[in-house]
Amino acid sequence: MIDYFALLGIERRPAINEVFLRDAYVRQAESLQGVQVEASGLSLLNTAFRTIANPATRVQHLLQLQFGDARGGQIGSELGELFGSVAVTLQSVDQEFGSLSAESSALLRALAFQRMDAARQRLQQAENKLLALECNLLSELGKLDGTWPESPGCCRESLAQIALQLTFVQKWLSEVRERKIRLEELT
Amino acid sequence: MSEIVGIDLGTTNSLIGVMDAGFPILIANQEGSRLTPSVVYLPESGDPVVGAPADRMRALFPERTIYSVKRLMGRRPGESEKEDFPFAVKSQSGQMLLELGQRSFKPEEISSLVLKKLKADAELSLGNPIERAVITVPAYFNDLQRQATKRAGELAGFAVERMINEPTAAALAYGLNRLDDHSRIAVYDLGGGTFDISILELNEGVFRVLSTNGNTRLGGDDIDRELVRLLRERIIARHPELRQELDDKLFIARIREIGHAAKLRLSTEETVQVDIPFLSGDRSFPYHLTRQELEAIARPIVRRTRSHCLRSLDDAKLDPAKLDEVILVGGVTRMPIVRQFVAEIFQRLPNNTQNPDEAVAVGATIQAGMLSGQIQNVLLLDVTPLSLGIETFGGLMNVLIPRNSTIPCKAGELFTNAVANQSVVQIVVLQGERELAKDNWELGRFDLEFEPVSKGFARIGVQFEIDADGILHVLARDTRTGRQRLIELSSAVDVSDEAVEKMIAESLDHAFEDMADRLWTEAVLKSNELLPAVRSALTLVGDQIELDDRRKIHRLVNEVEVALKSREHHRLKKANAELDEGTQHLATLLIDRAMAEAARRKK
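Residues numbered from 1 in each chain as written. Chains lettered and ligands numbered in written order. Predicted model: local features only at pLDDT ≥ 70, side-chain atom pairs only at ≥ 80, totals over all residues.

Caption draft 1: Quick look at the overall build of chain B. A count of helical and extended segments in chain B gives 14 helices and 27 strands. On C-alpha atoms alone, chain B measures out to a radius of gyration of 27 Å, which is about the 25 Å that the 2.2 N^0.38 rule sets for 603 residues. For chain B, the spread of C-alpha atoms along the three principal axes comes to 80 × 70 × 65 Å. Residue pairs at least 24 apart in sequence account for 66% of intrachain contacts in chain B once pairs closer than 6 positions are excluded. (Helix = DSSP H or I, 4+ residues; strand = E, 2+ residues; numbered from the N terminus. Rg over C-alpha atoms; globule rule 2.2 N^0.38 Å. Contact = placed C-beta atoms within 7 Å.)

Structure below.
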């Protein structure tokens, strides 16, 4: 297994500053540039950057390197409930506006427009909740980052949990945002 | 080593440039222009004519003059929307072919003729042969469209050193003399046939694309098409006897030519006098086309770029306030309505210091200079526009490389046998953003062969790599035997022609059987949607319209209800259309009402 942290020339940590990571990545990319035969090296570096830049995949990669296994963690009931409510919001928006397109009759779209503001608010609420959750998870990750150098073993469970939850939050966030854009398209 | 040229292979125009003493310069063609129309006239006998001379043939030989062929590149039958080219386009063996008399051409063959002309003219101008090129592609081109473009370059006799995304090239052209900058820019590129939006971060000579989005079938051509429709309608209104003549391809080509020229002028003028000569020659149709009329038809087309802009901002995790500059590229961005629209989305006036026709070619030339070593200290990090994945259980798409990943990049996947002694598993490779496999582009499929071993013991690692041109390569490696091989993807639609013909014939037979039924059902569905909508609209804003108007709407509703009992689909369809038309102002009132309400709530 390739150590993406090493490839980027950075320390193995659960939390990494965005600008710091970008600079490390660009430095490595510059050193590979011009060497045409090293195209596969650049390809590997880009893959490393993609993996490390996203906190969920970064933590999974870290656990894999450290313990040989990144599985574990649970959604938990609190999150399960939130995801349930987000799913209901998405479904209701799809049902209400899914059959509409820019080609539908003007009157139908105008009527839908009346309800759109409410739908937009529901989506916004869902997005806010998910963003708050993401923010919490990232700050927890930051805390664990402090303990990691001393005792990685203690962090293992919680990190796996955070990685799993982040993966789901990201997926739902992108679903909510896509709905928001589709609503915009109709108006 | 010979020089490398940079080429912008556009839908409408193409350009070529070369590095000269460290500076990118564009080379004029034989006709003395830097813009070569991407038009090819194929006479019945003799050599093809390319560029401006071919463009002049468009209105004379519409069936033999190919334009906007970029819209057909790498495209598969069945993906087509209404294109209404005057030349014949047919599908064969899973690809689109242009038919001219006895001969047929692939889109990339036509493109290669444009490239050949650029090459020959540049060689004349430079005085030495050119063999290597950088060619631009729309950022949102998928794998198939990129491969077709590369083939066009090779057919023209180039070694294609790199394919660069058009908005990225434009960003290079913009940023080359601002190398000390730290800034974030958006490049809004609306060309003749394609739309791209890219967001980049510029940081001390590093050009990093953060996100890209777009539509490879949205552009100025669509505005031209609507303009032709508008002018046709105006002519018919005044000369109903000419309806037949107006369907003539020659005549449509003529209207298109005149309309296109008027569109260009309306970017700076408020009104333009067009004069369309009739085929019979003794009369013509004079018309005052206003900018307002043009904008009314352009607006819905330009609006379609909005959602792409929002998606790319989302993906870059930026809001418009965090951008430093918005750059306009592509001829269509000269239209004032496009500038207003961009200003609205990005909440700032766009930067128009760049020549929108030339920025991409200049950028391609800079990339050529980077490859040849003439330009140093610039690093370009571009992304793949579409997610890459494979089909999994339940017909879902499993993403291996997400969109906006920096290229080149790779992803590995390990496959094993699901049952003992299974000898083969088929892998379907997809590109796109939809959850269901069938909603995405199928790039192709391949078979992985296993040795006969017990369940779960076979191990084949497959590596998917997207190269710096955005083109996919697949490599399989048997982890037990260590054997490695490059996999050729077979085209998704490599079905025999007979099979396709049979399918079409069957569906046609079937279609005729129940065509009347289907039309009727569709009309009924439409009525069922409309009638309750009209009722609620009347409840909400009925008191805001004149009594006469209300009576008229009731009459139209009544006609739909009567037609519903008649089972005549023509009648119902007509009644629906009239009701739709007759309630347009209700729609406007409803929207005004909702906006006022939303504004009140915000206070």
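Caption draft 2: Region of the structure containing the overall build of chain A. Broken down by element type, chain A carries seven helices and zero strands. Starting at the N terminus and ending at the C terminus, chain A contains elements arranged as α-α-α-α-α-α-α. Whereas a compact globule of 187 residues would reach a radius of gyration of roughly 16 Å, chain A reaches 21 Å, over 25% beyond that. In terms of its C-alpha atoms, chain A occupies a principal-axis envelope of roughly 60 × 45 × 25 Å. Looking at chain A as a whole, 33% of its 187 residues are labelled buried. Counted over contacts in chain A with a minimum sequence separation of 6, partners at least 24 positions apart contribute 73%. (Buried ≥ 20, exposed ≤ 12 C-beta atoms within 10 Å, placed from the backbone.)

Caption draft 3: Expanded view of the sheet that holds strand E6 (residues 49-50) of chain B. All names here are of chain B. The strand order across the open sheet built from three strands is E6-E5-E7, with neighbouring strands paired in antiparallel fashion. Taken across any chain shown, the strands that pair with only one partner, and hence form the sheet edges, are E6 and strand E7 (65-66). Taken together, the two bridges between strand E5 (residues 40-41) and E6 define a ladder with antiparallel strand orientation. Looking at E6, one finds that Val-40 is bridged to Val-50. (Pairing = 2+ DSSP bridges.)

Caption draft 4: Representation of the interface of chain A and chain B within the structure. Chain A puts 24 residues into the contact, and the matching count from chain B is 31 residues. Of all elements in the fold, only helix H2 (18-32), helix H3 (39-53), helix H6 (106-147) and helix H7 (152-186) of chain A reach the threshold of two or more residues within the side of chain A that touches chain B. The leading source of residues in the side of chain A that touches chain B is H6(A), at eight residues. Per-class residue counts for the side of chain A that touches chain B are 12 nonpolar, six polar and six charged. (Nonpolar A, V, L, I, M, F, W, Y, C, P; charged D, E, K, R; others polar.)

Caption draft 5: Just unusual backbone geometry, in detail. All names here are of chain B. Between Ile-407 and the following residue, Pro-408, the backbone shows a cis peptide bond with an omega angle of 0°. In this structure, Pro-408 sits in the loop between strand E21 (396-401) and strand E22 (409-415). Despite not being glycine, Ala-21 has its phi angle at roughly 50°, a positive value. Take Ala-21: it is sitting in the loop between strand E2 (13-20) and strand E3 (23-26). The class for Ala-21 is exposed, based on 6 C-beta atoms found within 10 Å.

Caption draft 6: Local environment of the domain arrangement of chain A. Here chain A is partitioned into domain 1 (4-53) and domain 2 (77-186). Inter-centroid distance (C-alpha atoms) of domain 1 of chain A to domain 2 of chain A is 30 Å. (Domains from an automatic or database assignment.)

Caption draft 7: Here's a closer look at the environment of Arg120(A). Residue and element names in this part refer to chain A. Tracing the chain through its elements places Arg-120 in helix H6. Judged by the 17 C-beta atoms lying within 10 Å of it, Arg-120 is partly exposed. Each C-alpha atom, one on Arg-120 and one on Glu-184, is 9.2 Å from the other, the two residues being 64 residues apart in sequence. The contacts of Arg-120, once residues within four sequence positions are left out, are Lys-180 and Leu-183.

Caption draft 8: A look at the sheet that holds E22(B). All names here are of chain B. Strand order in the open sheet formed by four strands is E22-E25-E26-E27, with antiparallel pairing between adjacent strands. Edge positions in the open sheet fall to E22 and strand E27 (484-487), since each of these has one partner strand only. Averaged over all pairs of adjacent strands, the angle between strand axes in this sheet comes to 20°, irrespective of strand direction. (Axes fitted to C-alpha atoms, helices over the stretch in contact; angles between N-to-C directions.)

Caption draft 9: H6(A), seen in detail. Spanning 42 residues, H6(A) covers 59 Å between terminal C-alpha atoms, matching the ideal 62 Å at 1.5 Å per step. Arg115(A) marks where H6(A) bends most, by close to 40°. (Expected span 1.5 Å × (residues − 1). Bend = angle between axes of the 7 residues up to and from the residue.)

Caption draft 10: Expanded view of the confidence of the model for chain B. All names here are of chain B. With 94% of its residues at a pLDDT of 70 or more, chain B shows a mean pLDDT of 87. Taken as a whole, residues 492-497 scores under 50 in pLDDT and shows nine contacts with residues more than four places along the chain or in a different chain. This prediction of the complex comes with two scores: 0.87 for pTM and 0.89 for ipTM. (pLDDT = per-residue confidence, 0-100.)

Caption draft 11: Structural view of the nonpolar core. Ranked by size, the top nonpolar core spans 136 residues in total, and within it Val5(B), Ile7(B), Val40(B), Ala170(B), Val187(B), Tyr188(B) and Leu200(B) carry the most contacts. If one sorts the elements of this core by residue count, helix H10 (residues 359-372) of chain B sits on top with eight residues. For Val40(B), the contacting residues outside a window of four places in its chain are Pro48(B), Val50(B), Ala54(B), Ile66(B), Ile110(B), Leu113(B) and Val114(B). Core analysis: the second largest hydrophobic core is formed by 52 residues, Leu133(A), Val176(A), Leu183(A) and Val534(B) among them. (Core = buried A, V, L, I, M, F, W, Y, C linked by C-beta atoms within 7 Å.)

Caption draft 12: Representation of the pairing of strand E18 (residues 325-329) of chain B. All names here are of chain B. Counting buried positions along E18 gives five out of five residues, so the element sits mostly inside the fold. Neither face of E18 is left uncovered, since the one carrying Glu-325, Ile-327 and Val-329 and the one carrying Val-326 and Leu-328 both have all their residues buried. For strand E13 (residues 182-190) and E18, the ladder comprises five bridges, and the chain directions are parallel. Paired with Asp-189 across the two strands is Val-329, which belongs to E18.

Caption draft 13: How the structure looks around the pairing of strand E23 (residues 424-431) of chain B. The pairing of strand E20 (residues 388-392) of chain B with E23(B) spans three bridges and is classified as antiparallel. Considered in E23(B), the bridge of Ile390(B) is made with Val429(B).

Caption draft 14: Representation of the packing of helix H7 (residues 291-303) of chain B against helix H9 (residues 336-346) of chain B. All names here are of chain B. As a packed pair, H7 and H9 sit with axes 10 Å apart at the nearest point and diverge in direction by 40°. In terms of orientation, H7 and H9 fall into the oblique class. In terms of crossing hand, the pair formed by H7 and H9 is right-handed. On H9, the residues touching Glu-295, Ala-298, Arg-299 and Val-302 of H7 are Ile-337, Val-338 and Phe-341. The residue makeup of the contact of H7 with H9, split by class, is five nonpolar, no polar and two charged. (Parallel < 35°, antiparallel > 145°, perpendicular 65-115°, else oblique. Left-handed = near helix turned anticlockwise from the far one by under 90°.)

Caption draft 15: Representation of helix H2 (residues 107-126) of chain B within the structure. Residues and elements named next belong to chain B. The first and last C-alpha atoms of H2 sit 29 Å apart over 20 residues, in line with the 28 Å expected at 1.5 Å per residue. For H2, the full list of buried residues reads Pro-107, Glu-108, Ile-110, Ser-111, Ser-112, Leu-113, Val-114, Leu-115, Lys-117, Leu-118, Lys-119 and Ala-122. Phi turns positive, to about 80°, at Gly-127, one or two residues after H2.

Caption draft 16: Structural view of the environment of Val332(B). Residue and element names in this part refer to chain B. Among the secondary structure elements, Val-332 is positioned in the loop between E18 and H9. The buried category is assigned to Val-332, around which 28 C-beta atoms lie within 10 Å. Once residues lying within four places of it in the same chain are set aside, the contact partners of Val-332 are Leu-190, Gly-191, Gly-219, Gly-220 and Val-338.

Caption draft 17: Up close: the packing of H6(A) against H7(A). Residue and element names in this part refer to chain A. Following both chains from N to C, one finds H6 and H7 inclined at 160°, their axes separated by 9 Å at the closest point. Judged by the inter-axis angle, H6 sits roughly antiparallel to H7. With respect to the hand of their crossing, H6 and H7 are arranged in left-handed fashion.

Caption draft 18: Quick peek at the environment of Leu436(B). With respect to the helices, strands and loops of the structure, Leu436(B) is situated in the loop between E23 and strand E24 (441-449). C-alpha of Leu436(B) to C-alpha of Met397(B): the two residues are 39 residues apart in sequence and 5.7 Å apart in space.

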